[in-house]
Amino acid sequence: EAAGGLEVDVVFVDTDYSLDMLHLVSILDSKLTLLAGADEAALRSCLSRLLFVHCYSSSQLLLTLHFLETTLSSRPALALILIDSISAFYWVDRCEGGASYTKQEEKLSRCAELLGRLLRDYRITVFATCHAIRRPGVPSSSSDSERSYLCRSWQRLVTHRLLCSRQEPGDNMAAEGGHDQEQRRQQIFTVHCTTSSSRVKASWSSSFCVTEAGFSE
């Protein structure tokens, strides 16, 4: 809490095999030291609240979510599930499903239904990334082209959608010398958020910067 955290448990489901755990630990250690002067014990305490899982197929993802249903009942502090990404097996499932759309979407639909049950029964938060899969026949200029083309069960589950775009390095270059080199090591992203809940519909935008030390607004 001294570092501004909520002290809740988090599950990270990595389907893209893209998370660098050593880099994550390095960033966390730096943040704890900077904000609270924390020691190794505080770092271990934070990491003990992180459950990290690899999934290599939709079937394993489904089994993992079933496992989480049991985990949630025994770990009341678990409040957040991160999935990177929910669309990792989209093309594999399409190939395995043949000509039947129902078969193609069966596994992801079951995952979405199970996530919906976890959201309803345990009041957790689910945050999932999604690759830019476009709807066939929809022009790229259409707003619908920005919506992921996943199964309806997943679409009904989504209440907030964040579209991230990275700015070109030259967009924020106004300095020279060392400061210019520092700018080049930074990645500036713009995120546009829209809500799709039945009660409130809104949208807003923000920007953040990603560096070796993490990210900041």
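The coordinates are above.
In this text the structure is predicted, and so the values were computed from the model without any measurement. (Residues numbered from 1 in each chain as written. Predicted model: local features only at pLDDT ≥ 70, side-chain atom pairs only at ≥ 80, totals over all residues. Heavy atoms only, no water.)

A. Representation of the packing of aromatic side chains in the model. Under the counting rule described, the total for this entry stands at three aromatic pairs. Ring centres of tyrosine 90 and tryptophan 91 lie 4.9 Å apart, and the angle between their planes is 80 degrees; on these two criteria the pair is classed as edge-to-face. (Phe/Tyr/Trp six-rings, centres within 6.5 Å; stacked < 30°, edge-to-face > 60°.)

B. Structural view of the packing of helix H4 (residues 90-97) against helix H5 (residues 101-122). Where H4 contacts H5, the two axes come as close as 7 Å, and the packing angle between them is 140 degrees. Taken together, the axes of H4 and H5 lie oblique to each other. Crossing handedness for the pair H4 and H5: right-handed. Residues Asp93, Arg94, Glu96 and Gly97 of H4 touch H5, and the partners they reach there are Tyr101, Lys103, Gln104 and Lys107. (Axes fitted to C-alpha atoms, helices over the stretch in contact; angles between N-to-C directions. Helix = DSSP H or I, 4+ residues; strand = E, 2+ residues; numbered from the N terminus. Parallel < 35°, antiparallel > 145°, perpendicular 65-115°, else oblique. Left-handed = near helix turned anticlockwise from the far one by under 90°. Contact = heavy atoms within 4.5 Å.)

C. Expanded view of unusual backbone geometry. Here the residue pair aspartate 84 and serine 85 is connected by a cis peptide bond, since its omega of 0 degrees sits within 30 degrees of zero. Position of serine 85 among the secondary structure elements: in the loop between strand E3 (78-84) and H4. Positive phi is not limited to glycine here, since glutamate 7 has a value of about 55 degrees. Its place among the elements puts glutamate 7 in the segment before strand E1 (9-14). Overall, the relative accessible area of 44% leaves glutamate 7 in the partly exposed class. At tyrosine 17, a position not held by glycine, the phi torsion is positive, near 55 degrees. Here tyrosine 17 shows up in the loop between E1 and helix H1 (21-36). We classify tyrosine 17 as partly exposed; its relative accessible area is 47%. (Buried < 20%, exposed > 50% of the residue type's maximum accessible area, 1.4 Å probe, protein only.)

D. Summary view of H4. Every buried residue of H4 is accounted for by Tyr90, Asp93 and Gly97. Angular distribution of buried residues about the axis of H4 spans 70 degrees; they occupy a single face of the element. Those residues of H4 that are exposed and angled more than 90 degrees off the buried face are Trp91, Cys95 and Glu96. Elements in contact with the buried residues of H4: helix H3 (58-74) and H5. Looking one or two residues beyond H4, the residue adopting positive phi is glycine 98, at roughly 65 degrees. (Arc of directions from axis to C-beta.)

E. Expanded view of the pattern of salt bridges. By the definition in use, this model includes five salt bridges. The shortest N-O distance in the salt bridge between glutamate 69 and arginine 117 comes to 3.1 Å. Note that glutamate 69 is positioned in helix H3 and arginine 117 in helix H5, a separation of 48 residues in sequence. Here arginine 120 ties to aspartate 121 by a salt bridge, and the two come within 3.2 Å at their closest N and O atoms. (Salt bridge = Lys/Arg side-chain N within 4 Å of Asp/Glu carboxyl O.)

F. How the structure looks around the sheet that holds E3. As summarised here, the arrangement of the four strands in space is E2-E1-E3-E4, forming an open sheet in which the pairing is parallel. The open sheet has two edge strands with one neighbour each: strand E2 (50-54) and strand E4 (125-128). Neighbouring strand axes in the sheet, compared pairwise and without regard to direction, differ in orientation by 15 degrees on average. Pairing of E1 with E2 involves five bridges; the strand directions are parallel. Bridging across to E2, valine 13 finds its partner in valine 53. Across the sheet, H3 lies against E1, E2 and E3, angled at about 160 degrees from E2, the strand it touches most. (Pairing = 2+ DSSP bridges.)

G. Seen up close, the environment of histidine 192. Checked against the element boundaries, histidine 192 lands in strand E6 (residues 187-195). Judged by relative accessible area, which is 32%, histidine 192 ranks as partly exposed. As a C-alpha pair, histidine 192 and cysteine 164 span 28 residues in sequence and 6.5 Å in three-dimensional space. Once you skip the residues sitting within four places of it in the chain, histidine 192 turns out to touch Arg161, Leu162, Leu163, Ser203, Trp204 and Ser205. Engagement of the side chain of histidine 192 in a polar contact is seen with the side chain of serine 205, the distance being 2.8 Å. (Polar contact = N/O pair within 3.5 Å; in protein donor to acceptor, adjacent residues only side chain to side chain.)

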